[in-house]
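# Reading the structure
Single-letter residue listing:
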Amino acid sequence: MNELDRPESNLIVDVVAGISAAGGLLFGYDTGIISAALLQISQQFHLGTGGQQIVTSAIIAGALLGCMGAAPLSDRGGRRRTVMVAAAVFIVGTIMASLANTIWLLTLARFVLGLAVGAASQIVPVYISELAPARRRGRLVGMFQLAVVTGVLISFIAGYLLRHDSWRIMFALGAVPAVVLLLGMAFLPNSPRWLAMRGDFEGARAVLRRVRGSHRRAERELQEIIDAHDVQAPWSELAQPWVRPALVAAVGIGLLCQLTGINAVLYYAPTIFSGAGFGESSALLTSVAVGVAMIVATLFGSWAVEVIGRRTLMLWLLPGASLALFVLAALFHLGATTGPNAWMMVVALLAYAVLNVGSLSVTIWIVGAEVFPLSCRGKGMSLVAAAHWGADLLISLTTLSMVQAFGAGGTFLLFACVNAFAFFFVLRYVPETRGRSLEEIEDRLRRGVFSTPEAV
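Residues numbered from 1 in each chain as written. Predicted model: local features only at pLDDT ≥ 70, side-chain atom pairs only at ≥ 80, totals over all residues. Heavy atoms only, no water.

Condition: UniProt positions are given in the numbering used here, feature names are shortened, and annotations may be inferred rather than shown by experiment.
In the annotation of an unreviewed UniProt entry, the chain is listed under the name Sugar porter family MFS transporter and assigned to Gluconacetobacter azotocaptans. According to UniProt, the comment filed for the chain under the heading Sequence similarities (unreviewed entry) is "Belongs to the major facilitator superfamily. Sugar transporter (TC 2.A.1.1) family." For the chain, the Subcellular location (unreviewed entry) comment in UniProt is given as "Cell membrane".

Okay, structure coming up:
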């Protein structure tokens, strides 16, 4: 059998993706735990709607800065070292949050956690995509999103089990995966594409031989990287006309992933549902059910991105997400939260979570890590993460205020309309990248055929 026809060695790549995705676990846990902790924190510190939104959004403000700061750090020091720095910041922020004795110290601690969350969201998908083979890249980068929703589910379960204990324990549990990430990354290789961008082609060759399991396959891939060799470019490169289609597609998905409302559900579902007449325990259990739905959706989406494609997956699922929110809005408008209506509310919420997470949330980090040229991939992914966190900050600061002003029904109706808009955005601007190498995608950008029908 020809060496190039042999199956690729998957173990080392799986280990790399698995350990790196621990950053996603932290991302999900630290952003999701506030959903349960907020019920206790609000009572202890006598927080109103504004105070609740500030504590919740502090981690998002930190993430917005963290994702932008990670780009130059990852270009200079490498993807792997940047992930290790993020893990160390996670540990510091976790200790601060669990020991905070005033609301301002807790807010500062969540801001520090946000710096790490933002850095992880920017660099982990890039690191995995630059190590993964083209035919498995979507599934392996999808492990990051799977880790995110797993972290969210763990936070919901922890919040329910610890509902009669201190919120400090809820925050302290986040230190465990942070330590695993910091120690695990110390043994992983650098990105071969980052090494090549720095001119270290021998180092890139050594890493590719290690992760591909075939010297000929490694040499072929290295030659593709050399042929498309880019040097590190300034931020202004992202404004070049030939890069713009990638910027629109990736940043657009980053914005819509949040503006469609998924984190409004993650952060405030217990608060909204308890305010609508559900008991506190029932509201927390609803969040656990949402977490399970997100796991199922991410597992399906991580499989589907390689089987039916990134673009097709979004086009199939987004209409259903919009419809589920229209139904949920109508049920809130009717106002009955007992009997069949209550069950229908939960079913509509779960359907929305499955369809939205299984489409936009699965593909945001995959598409963002794929479409930018190597010379500005780190910076481009920073803008995707910044769009994601900027929109998330807007949602976290306004959701409860919108519920007060328009009611839960009006708020979910607005999110339903944004989900419908997302369908048309994907249809117009997002190409299919399934099965293409990163160098092929860059070549299509340079030739001006990035989003033509041929790429779908």
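## Thoughts on the nonpolar core
We apply this condition: In plain words, nonpolar cores are sets of buried Ala, Val, Leu, Ile, Met, Phe, Trp, Tyr and Cys residues tied together by side-chain atoms within 4.5 Å. Think of it in three bands: residues with accessible area under 20% of the maximum for their type are buried, residues over 50% are exposed, and the middle band is partly exposed, with areas taken using a 1.4 Å probe on protein chains only. Secondary structure counts use DSSP, requiring at least four H or I residues in a row for a helix and at least two E residues in a row for a strand, with both numbered from the N terminus. Here the bounds of each domain stem from an automatic or database domain assignment. Contacts are assigned to residue pairs that have any heavy atoms within 4.5 Å of one another.
In terms of nonpolar packing, the biggest core is built from 109 residues, with I41, L106, F171 and F372 touching the most fellow members. Ranked by residues supplied to this core, first place goes to helix α6 (residues 103–131) with 13 residues. Formed jointly, this core draws a minimum of three residues from each of two domains, domain 1 (10–188) and domain 2 (237–455). Sequence-distant contacts of I41, defined by excluding residues within four places in its chain, comprise I34, H46, L47, I103, L106, W167 and F171. Counting residues in each nonpolar core, the second largest holds 32 residues, with V265, A321, M345 and F415 among its members.

## Some thoughts on helix α3 (residues 34–45)
How we decide: To estimate the expected span of a helix, subtract one from its residue number and multiply by 1.5 Å.
With twelve residues, α3 extends just 14 Å between its outermost C-alpha atoms, more than 12% less than the 16 Å of an ideal straight helix rising 1.5 Å per residue. By the criterion of burial, α3 is predominantly enclosed, with ten of the twelve residues buried. All of the buried residues in α3 are I34, S35, A36, A37, L38, L39, Q40, I41, S42 and F45.

## Topic: the state of the cysteines
Where we set the bar: Note on terminology: disulfide denotes any pair of cysteine sulfur atoms within 2.5 Å.
Taken as a whole, this structure holds zero disulfides when the rule is applied. With no disulfide of its own, C257 lies closest to C67 among cysteine sulfurs, the gap being 14 Å. We note that C417 lacks a disulfide partner, and the nearest cysteine sulfur, in C257, lies 18 Å from it.

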